[in-house]
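Listed below are the residues making up each chain.
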Amino acid sequence: MAKESVKNDQNQINIELTEEIAEGEYANLAMIAHSSSEFVIDFIRLMPGIPKAKVKSRIVITPEHAKRLLAALADNIQRYETSFGTIKQTQEEPSFPMNFGNNIGEA
């Protein structure tokens, strides 16, 4: 099990990362729902030609942490594009199977 330390001005946090989690999960779709008290982010693997997609991970965070995540992603995208160039986006919308997303609920 790997251990990492994150240090800020006030204190240090030791983070444990198991080998299984360190491998990561591939997801090519994220669906987000929210209530007044939390954001729910489902990371999904959608494969071409397969009508059933699988949620690979669900993360539940507070609205405050959602805003911090948004800022961290924006910062990292800016740094990525400075190093590797602009991330190209296609204009076409992703297509989903007809029954995909019928039962999206809020927490």
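Here the structure is shown first, and the text comes after it.
These numbers come from a predicted model, not from an experiment.

Parameters and conventions
- Residues numbered from 1 in each chain as written.
- Predicted model: local features only at pLDDT ≥ 70, side-chain atom pairs only at ≥ 80, totals over all residues.
- Heavy atoms only, no water.
- Helix = DSSP H or I, 4+ residues; strand = E, 2+ residues; numbered from the N terminus.
- Buried < 20%, exposed > 50% of the residue type's maximum accessible area, 1.4 Å probe, protein only.
- Polar contact = N/O pair within 3.5 Å; in protein donor to acceptor, adjacent residues only side chain to side chain.
- Contact = heavy atoms within 4.5 Å.
- Phe/Tyr/Trp six-rings, centres within 6.5 Å; stacked < 30°, edge-to-face > 60°.
- Pairing = 2+ DSSP bridges.
- Axes fitted to C-alpha atoms, helices over the stretch in contact; angles between N-to-C directions.
- Salt bridge = Lys/Arg side-chain N within 4 Å of Asp/Glu carboxyl O.

A. Here's a closer look at the side chain of Asp42. Mapped onto the secondary structure, Asp42 falls in strand E4 (residues 39-45). Residue class for Asp42 comes out buried when judged on its relative accessible area of 12%. One polar contact links Asp42 to Arg58, side chain to side chain, over a distance of 2.6 Å. Apart from residues lying up to four places away in sequence, Asp42 is in contact with Leu29, Ala30, Met31, Val55, Ser57 and Arg58.

B. View of the packing of aromatic side chains. Tallied over the entire structure, the rule returns 1 aromatic pair. Ring centres of Tyr80 and Phe84 lie 4.9 Å apart, and the angle between their planes is 45 degrees; this geometry places the pair in the tilted category. One end of the pair, Tyr80, and the other, Phe84, are both in helix H2 (residues 63-84), 4 residues apart, so they sit about a helical turn from each other. Among the residues examined, Phe84 registers a relative accessible area of 64% and is labelled exposed.

C. Local environment of the environment of Asp75. Residue placement: Asp75 occurs in helix H2. A distance of 2.8 Å separates the side chain of Asp75 from the side chain of Arg79, its partner in a polar contact.

D. Summary view of the sheet that holds strand E5 (residues 54-61). If you trace the 3 strands from one edge of the open sheet to the other, you get E3-E4-E5, paired in antiparallel fashion. Both outer strands of the open sheet, strand E3 (29-34) and E5, are each paired with one neighbouring strand and no more. When strand polarity is set aside, the average angle formed by the axes of neighbouring strands in this sheet is 20 degrees. With respect to the sheet, H2 is in contact with E4 and E5, its orientation differing from that of E5 by roughly 115 degrees.

E. Spotlight on the pairing of E3. Sheet analysis places E3 next to E4, joined by 6 bridges and oriented antiparallel. Directly across from Ile32, in E4, lies its bridge partner Ile41.

F. Geometry of the pattern of salt bridges. Scanning all chains against the criterion turns up 5 salt bridges. A salt bridge links Lys56 to Glu25, with the nearest nitrogen and oxygen atoms 3.9 Å apart. Pair noted here: Lys56 is in strand E5 and Glu25 is in the loop between helix H1 (19-23) and E3, with a separation of 31 residues, a long-range link. Overall, Lys56 belongs to the partly exposed group, its relative accessible area being 27%. Here Arg79 and Asp75 are joined by a salt bridge, their closest N and O atoms 2.8 Å apart. A residue pair is termed a helical-turn pair when its members lie 3 or 4 positions apart in one helix, as Arg79 and Asp75 do in helix H2 at 4 residues. Overall, the relative accessible area of 46% leaves Arg79 in the partly exposed class. The network of salt bridges with shared partners includes Glu25, Arg45 and Lys56.

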